[in-house]
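For reference, the chains in residue letters:
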Amino acid sequence: MLKVEWIKALRRWRTYLIAAALGGVPFLIVLAVKLSPPTPSASEDAPPFLLQIVHNGLFAPLTGLAVVQPFFMSLALGLFAGDAIAGEAQSGTLRSLLVRPAGRARLVLSKYAAAMTLLGVLLLGVIASGAVFGGIVFGFGPLPTLSGSSLSVAQASLRIFAAGGYILLAAAGITAVGIFVSTLTDSGPGATVATVILAITSQILDNIPSLRTIHAYLPTHGWLAYTDLFRFPVDWAGMRAGLVVSGAYAMVFLAAALLVFGRKDVTA
Amino acid sequence: MTALVTRGLTKRYGDVKVVDELDLTVERGELYGFLGPNGAGKTTTIRMALGLIAPSGGEVDLLGERMSLRGRPSCLARTGAMIEEPAFYRFLSGRRNLEVFAKAGGSRQDVRRRLGRIEEMLETVGLTSAATKRVKAYSQGMRQRLGLAAAMLGEPEILVLDEPTNGLDPSGMREIRQLLRRLTDGGTTVFVSSHLLAEVEAVCDRVGVLSRGRLVAEGPPSVLRGAAERVRLDVDDVAKARRVLSAIRGVELSPESELPLRVRLLDEVTAAQVNAALVSAGVAVGALVPERESLEDVFLELVGDGDAQG
């Protein structure tokens, strides 16, 4: 079933479009930094790690992840999760799958698995593209941590992959929300847009200081905690909290999706 | 054993009963025509039969198994279905679509068996040469054929087809009819819905007529058409003929305002007796033409001029 989802994804232009967009981000960052190296004073609003790229290409994949996460990843999970079931309903293929019988619970779960693996592959692509372009233009070197010590290239690479893994797992919650939204409507674009809006709204709310009391419960609250991987020693508290929130959202919304879709009249 | 049974099947949307206490029995190996005007509840019935929507009341047994929305009823793996417009992944080729559907459910053996039948099914519906084209580029008729191929992929025991000849040209329709006949001859049960009488009449063993969610008639097409024979009479003196004929028991006259004169022959009255009576009364009979009442007349009578809500 998962294989079938992959066949479908790999035959659509939009999968490549978003992959190109995500893979292109590190390239653009490296290019921009090379052409016009940022000065510390002018870059208070710059994404994390941007300043360090000139000294070490290993920062390119990290900056890539940091830049891609808030918007492009939200867009990708809108397309992969939000559209998952609503899109099938809209094209009418949903009924054909269900009478096969694909099984409603199995369909929901394999759509979720497909969305997560697609996201994972895209994040890997961002890391790979960042490493290639960053390495070519600026070369690799030991990575200074945020706490002042430094990591060998091998250690740093491992942590960069860990950061990618964390970013993926931290998105598990909002992806489940997307799948849930997808069971509510027969409009693919509608569910996609709704999911993107939810992901972005959650990040906006997370940035409004007066709403601090709800921040810890937002599905995207822990998204930036991966930066703690680059401290010495690593501070796990933020990531642990992020994973707990993401996991809780994943469980609740997958259960809701299974419940809603399990008894829904499929009239599309 | 029965292939499909519904008992008191009901679907209510608000106050409207789209399907109303429907009792239906389809025997194994039969070609059953499910006839009704648009909006009569055919598709809703089919969707309930296949576990896509939950009945508001009543139940469905498909291939001896109680249908439910939950789980993966094994009877569905032995069922082939085409519901309304067959839908496909437009960005995939015809063959790829069949692959996706072949892999979409059932056991490992089921999947392997279905994959192994793809070429044969493409051939059966005449799409071999178009198999690598994207479905986006298919005509409606081609999509319809691909839908049939997808439905037949699993060598189903029962084939449930919703308006399968929509969008086909007359020769395509005939091909499909012949195909359905061949399938039933091979032991497959076929349940086919249609709003086109000719289609159902020509090929079905049994016909059920649905109107406003209720089954208003059921039986072989010939029985539905009615036992009574109708005869058209061309006579020189209609008034006199009417007087003569109204004296014979078992002869029913058409209304006075209607010309030409028609009679329905009930009981054991024959056309020859009618002719003899008229001639001996001095009415010249130019022609005496037996007319079978068409299924269409019966149909319109049953569903009330077919003015069912869209």
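Definitions and limits used
- Residues numbered from 1 in each chain as written.
- Chains lettered and ligands numbered in written order.
- Predicted model: local features only at pLDDT ≥ 70, side-chain atom pairs only at ≥ 80, totals over all residues.
- Helix = DSSP H or I, 4+ residues; strand = E, 2+ residues; numbered from the N terminus.
- Rg over C-alpha atoms; globule rule 2.2 N^0.38 Å.
- Buried ≥ 20, exposed ≤ 12 C-beta atoms within 10 Å, placed from the backbone.
- Contact = placed C-beta atoms within 7 Å.
- Nonpolar A, V, L, I, M, F, W, Y, C, P; charged D, E, K, R; others polar.
- Pairing = 2+ DSSP bridges.
- Axes fitted to C-alpha atoms, helices over the stretch in contact; angles between N-to-C directions.
- Expected span 1.5 Å × (residues − 1).
- pLDDT = per-residue confidence, 0-100.
- Parallel < 35°, antiparallel > 145°, perpendicular 65-115°, else oblique.
- Left-handed = near helix turned anticlockwise from the far one by under 90°.
- Core = buried A, V, L, I, M, F, W, Y, C linked by C-beta atoms within 7 Å.

This next bit is on the overall build of chain A. Counting its regular elements, chain A contains 10 helices and two strands. Each helix and strand of chain A, ordered N terminal to C terminal, gives the series α-α-α-α-α-β-β-α-α-α-α-α. What you see for chain A is a C-alpha radius of gyration of 20 Å, in line with the 18 Å of a compact globule of 268 residues. Its C-alpha atoms put chain A at 60 × 40 × 30 Å along the principal axes. In chain A, buried positions account for 49% of the 268 residues.

Take the overall build of chain B next. Scanning chain B from N- to C-terminus turns up 12 helices and 14 strands. The principal-axis extent of the C-alpha atoms belonging to chain B is close to 80 × 45 × 35 Å. Residues counted as buried form 42% of the 310 residues belonging to chain B. Counting contacts in chain B only where the partners sit at least 6 residues apart, residues at least 24 apart contribute 67% of the total.

A few words now on unusual backbone geometry. Between Arg100 of chain A and Pro101 of chain A the backbone carries a cis peptide bond, its omega angle lying at 5 degrees. Put simply, Phe232 of chain A and Pro233 of chain A share a cis peptide bond, and its omega is -10 degrees. The topology assignment puts Pro233 of chain A in the loop between helix H9 (212-215) and helix H10 (237-262). A positive phi is found at Glu21 of chain B, a non-glycine position, where the angle reads about 50 degrees. With respect to the helices, strands and loops of the structure, Glu21 of chain B is situated in strand S2 (residues 16-27). Taking the number of C-beta atoms within 10 Å as the measure of exposure, Glu21 of chain B has 15 and is therefore partly exposed.

At the junction of the two partners, chain A supplies 24 residues and chain B supplies 27 residues. For the side of chain A that touches chain B, the elements supplying multiple residues, two or more each, are helix H1 (2-10) and helix H4 (93-98) of chain A. A total of five residues in the side of chain A that touches chain B trace back to one element, the largest contributor, which is H4 of chain A. In terms of residue class, the side of chain A that touches chain B is made up of eight nonpolar, seven polar and nine charged.

Residue and element names in this part refer to chain B. Strand order in the open sheet formed by six strands is S6-S7-S8-S3-S9-S10, and the pairing between neighbours is mixed. Strands at the two margins of the open sheet, each flanked by one partner only, are strand S6 (79-82) and strand S10 (214-219). Each neighbouring strand pair of the sheet contributes to a mean axis angle of 15 degrees, computed without reference to strand direction. Lying on the sheet, helix H1 (residues 42-49) is in contact with strand S3 (31-35), strand S7 (158-162), strand S8 (189-194) and strand S9 (206-211); it crosses S7 at an angle near 145 degrees.

Two residues of an α-helix separated by three or four positions point the same way, owing to the 3.6 residues in each turn. All names here are of chain A. The end-to-end C-alpha distance of helix H6 (residues 153-170) is 25 Å, a good match for the 26 Å that 18 residues give at a rise of 1.5 Å each. Within the sequence span of H6, burial applies to Ala156, Arg159, Ile160, Ala163, Gly164, Tyr166, Ile167, Leu168 and Ala170. Turning to H6, the residues buried within the fold contact helix H3 (59-91), helix H5 (104-138), strand S1 (143-144), strand S2 (150-151) and H10.

Another aspect to go through is the confidence of the model for chain B. All names here are of chain B. On average, residues of chain B score 86 in pLDDT, and 93% of them reach the 70 mark or higher. Counting contacts from residues 306-310, a segment whose pLDDT is below 50, to residues more than four positions away or on other chains yields 11 contacts. The complex model carries a pTM of 0.85, and its ipTM stands at 0.83.

To continue, consider the packing of helix H2 (residues 13-35) of chain A against H3 of chain A. Residues and elements named next belong to chain A. For the pair H2 and H3, the least separation of the axes is 9 Å and the interaxial angle reads 155 degrees. Between H2 and H3, the angle falls in the class roughly antiparallel. Considering how the two elements wind past one another, H2 and H3 form a crossing that is right-handed. For the pair H2 and H3, contact is made by Arg14, Ile18, Ala21, Leu22, Val25, Pro26, Ile29 and Val30 and by Ala60, Pro61, Thr63, Gly64, Val67, Val68, Phe72, Leu75, Ala76 and Leu79, respectively. By residue class, the composition of the contact of H2 with H3 is 15 nonpolar, two polar and one charged.

The next thing to look at is the environment of Val5 of chain B. Residue and element names in this part refer to chain B. With respect to the element layout, Val5 can be found in strand S1 (residues 2-13). With 18 C-beta atoms counted inside 10 Å, the residue Val5 sits in the partly exposed group. If near-sequence neighbours (up to four positions away) are discounted, Val5 is found in contact with Leu24, Thr25 and Asp61.

Next up on the list: the sheet that holds S2 of chain B. All names here are of chain B. Pairing within the open sheet is antiparallel, and its four strands lie in the order S2-S1-S4-S5. Every interior strand has two partners, whereas the edge strands, S2 and strand S5 (65-66), have only one. Relative to the sheet, H1 contacts S1, S2 and strand S4 (57-62), its axis offset from that of S1 by approximately 115 degrees.

All right, on to the packing of helix H3 (residues 94-103) of chain B against helix H6 (residues 140-152) of chain B then. Residue and element names in this part refer to chain B. Where H3 contacts H6, the two axes come as close as 10 Å, and the packing angle between them is 30 degrees. As judged from the angle between their axes, H3 and H6 are roughly parallel. For the pair H3 and H6, the crossing hand works out as right-handed. Across the interface between the two elements, Gly94, Asn97, Leu98 and Phe101 of H3 pack against Leu146, Ala149 and Ala150 of H6. Taken together, the residues of the contact of H3 with H6 break down into five nonpolar, two polar and no charged.

Residues and elements named next belong to chain B. Inspection of the sheet shows S9 paired to S10 by five bridges, in the antiparallel sense. Paired with Ser211 across the two strands is Arg214, which belongs to S10. Hairpin connection between S9 and S10: a loop of two residues separates the two successive antiparallel strands, and Arg212 in this loop has a positive phi of roughly 50 degrees.

This part is about the environment of Phe71 of chain A. Among the structural elements, Phe71 of chain A can be located in helix H3. The class for Phe71 of chain A is partly exposed, based on 15 C-beta atoms found within 10 Å.

Moving on: the nonpolar core. With 155 residues, the main nonpolar core has Leu77, Ala115, Leu119, Ala176 and Ile179 of chain A together with Ala149 of chain B as its most contacted residues. Of all the elements, H3 of chain A adds the most residues to this core, at 18 residues. When residues no more than four places from it in sequence are discounted, the contact partners of Ile179 of chain A are Ala81, Ala84, Val108, Lys111, Tyr112, Ala115, Phe253, Leu254 and Ala257 of chain A. Core analysis: the next-biggest nonpolar cluster, separate from the first, contains 10 residues, Leu233, Ala241, Val263 and Leu278 of chain B among them.

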